[in-house]
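# Report on the structure
One letter stands for each residue in the lines below.
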Amino acid sequence: LLKRGAVSEAALDQLPGAAEVFLLPEDKASVLIYPIFVHQQVQGMIMLEDGWRKRSWTDFEQNLLQLLAAIIANACEKKLYQAEILASRDNLQSFFNSVDDLFYICRLNGEILLTNEAVLRKTGYSAAELEKMNLIELHPADKREQALENLQLMLTGEIAYCPLEIEDRGGRRFPVENRIWVGLWDNQPCIFGVSKDLRKEQEALQWFTRVFEHNPLPMAISREQIILRVNAAYLAKLGYVREELIGRSCLEAGLLADPEEF
């Protein structure tokens, strides 16, 4: 009945057990009920009751009850909406914190609004300190001018990423690949940023380089017959200097004893 609007004692009489629920003495009570709709569903009701006499309800009383129901419904919807926003942000923060890359949300001028735990853990800054910082300040002082220029180029789409390293709170630098994109946060334009920590990749590359360079066997790396890299043993064995080989094919470098057979 409430889904259809206001309900009076006449309608309640049609419901089994209503008299016991609302304590209606026979022929001595008047009841007016308005539903409270929250998200288009009946979530409660507000009621006027006169337990001493049968009477009709004035327009003022009906309008007052309807207004009170609307005020309560509005307050409930606002509270639920706020709870949904908080839950959504909690979910987003949980997602951010599950990623090992460094995530930032900043104003268009670079002021940091929010970061994930990876930023705190890898830079050593506290959340309160980061909230007072600009994204550019995470780069070493001697790199900030270049970082600002790269930020502008990324915003205009002229470059895809910025390779400048980040400096932690203790002054230690580590390599990252920075990417950004523009979006909305709290209905305001903002910058979403992610910095991929390249320390593991750099360590693997250094390990490979050491193995490659110091291997006693002559080794070369080529792509589509163009020599990209040779090790010291390769140069010593063949008597070339590096500049004579890099960027050239085996044929161009004169490495082939019989080019036709090759």
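Heads up: these notes are all about the structure in this document. (Residues numbered from 1 in each chain as written. Predicted model: local features only at pLDDT ≥ 70, side-chain atom pairs only at ≥ 80, totals over all residues. Heavy atoms only, no water.)

### Focus on the environment of Phe262
Relative to the assigned elements, Phe262 resides in the segment after helix H9 (250–253). On the accessibility criterion, Phe262 (63% relative accessible area) is exposed. Excluding residues that lie within four positions of it along the chain, Phe262 makes contacts with Gln225 and Leu256. (Helix = DSSP H or I, 4+ residues; strand = E, 2+ residues; numbered from the N terminus. Buried < 20%, exposed > 50% of the residue type's maximum accessible area, 1.4 Å probe, protein only. Contact = heavy atoms within 4.5 Å.)

### Comments concerning empty space enclosed by the protein
Here the idea is plain: a probe the size of a water molecule rolls over the atoms and shows the empty space left. Under the definition given, this model contains 1 cavity of 30 Å³ or more. Along the wall of the largest cavity there are 16 residues; nearest its centre are Leu135, His139, Met154, Asn178 and Ile180. Sorting the residues of the lining of the largest cavity by element identifies helix H6 (144–155), strand S8 (176–185) and strand S9 (188–197) as the ones contributing at least two each. Here the lining of the largest cavity is composed, by residue class, of 11 nonpolar, 4 polar and 1 charged. (1 Å grid on protein atoms, 1.4 Å probe; cavity = no way out; pocket = protein on both sides within 12 Å on 5 of 7 lines; lining within 4 Å. Points joined across faces, edges and corners; volume = space filled by probe spheres on them. Nonpolar A, V, L, I, M, F, W, Y, C, P; charged D, E, K, R; others polar.)

### A few points about H6
Because each turn of an α-helix spans 3.6 residues, side chains separated by three or four positions in sequence point in the same direction. Between its terminal C-alpha atoms H6 stretches 16 Å, which fits the 16 Å expected from 12 residues at 1.5 Å a residue. When we look at burial in H6, the residues that qualify are Ala147, Asn150, Leu151 and Met154. All buried residues of H6 project into a common sector of 110° when viewed along the axis, lining one side. Buried residues along H6 sit in contact with S8 and S9. Backbone geometry just downstream of H6 places Gly157 in the positive-phi region, at approximately 80°. (Expected span 1.5 Å × (residues − 1). Arc of directions from axis to C-beta.)

### Remarks on the sheet that holds strand S3 (residues 41–50)
Paired through backbone hydrogen bonds, the strands of a sheet run either parallel or antiparallel to each other. Pairing is antiparallel across the open sheet formed by 3 strands, whose spatial order is S1-S2-S3. Edge positions in the sheet fall to strand S1 (7–8) and S3, since each has one partner strand and no second. Where S1 meets strand S2 (residues 30–38), 2 bridges bridge the pair, whose relative direction is antiparallel. Directly across from Val7, in S2, lies its bridge partner Ile33. In the packing of helix H3 (residues 59–97) onto the sheet, the strands contacted are S2 and S3, and the crossing angle to S2 comes to about 25°. (Pairing = 2+ DSSP bridges. Axes fitted to C-alpha atoms, helices over the stretch in contact; angles between N-to-C directions.)

### Concerning the sheet that holds strand S5 (residues 112–115)
Read from one edge of the open sheet, 4 strands run S5-S4-S9-S8, paired in antiparallel fashion. At either end of the open sheet lies a strand with only one pairing partner, and these are S5 and S8. Strand-to-strand twist of the sheet, defined as the mean angle between neighbouring strand axes without regard to direction, takes the value 25°. One ladder, built from 3 bridges, connects strand S4 (residues 102–107) with S5; its direction is antiparallel. The partner of Tyr104 across the bridge, within S5, is Thr115. Along the sheet, H6 makes contact with S8 and S9, crossing S8 at roughly 55°.

### Thoughts on a nonpolar patch on the surface
A cluster of nonpolar side chains, namely Leu205, Trp207, Phe208, Val211, Ile221, Ile226 and Leu228, defines an oily patch on the protein surface of about 600 Å² accessible area. Residue assignment for the nonpolar patch shows that the elements contributing at least two residues are helix H7 (199–214) and strand S11 (226–230). It is H7 that contributes the most residues to the nonpolar patch, 4 residues altogether. Of note, Trp207 is situated in helix H7. (Patch = residues over 30% accessible without salt bridge, like charges linked within 9 Å, V, L, I, M, F, W, Y side chains within 5 Å. Areas by Shrake-Rupley, 256 points an atom, 1.4 Å probe, with all protein chains shown as cover. Salt bridge = Lys/Arg side-chain N within 4 Å of Asp/Glu carboxyl O.)

### A short note on the pairing of S8
Of the pairings in the sheet, the one linking S8 to S9 comprises 10 bridges and is antiparallel in character. Its bridge partner lying in S9, Glu177 is registered against Lys196.

### A short note on the pattern of salt bridges
Charged atoms that come close allow side chains of opposite charge to pair. For the coordinates displayed, the defined rule picks out 14 salt bridges. Note that Glu129 and Arg169 form a salt bridge whose closest N and O atoms lie 2.8 Å from each other. In this pair, Glu129 is assigned in helix H5 (residues 127–130) and Arg169 in the loop between strand S6 (166–167) and strand S7 (173–174), connecting sequence segments 40 residues apart. Overall, the relative accessible area of 26% leaves Glu129 in the partly exposed class. Taken together, the shared-partner salt bridges connect Asp100, Arg121, Lys122, Asp197 and Arg199 into one network.

### Remarks on the pairing of S3
As paired strands, S2 and S3 are joined by 9 bridges and run antiparallel to one another. Note that in S3 the partner of Ile33 across the bridge is Met47. Connecting the antiparallel pair S2 and S3 is a turn made up of 2 residues, with His39 showing a positive phi of about 55°.

Just distances and angles here, no functional claims.
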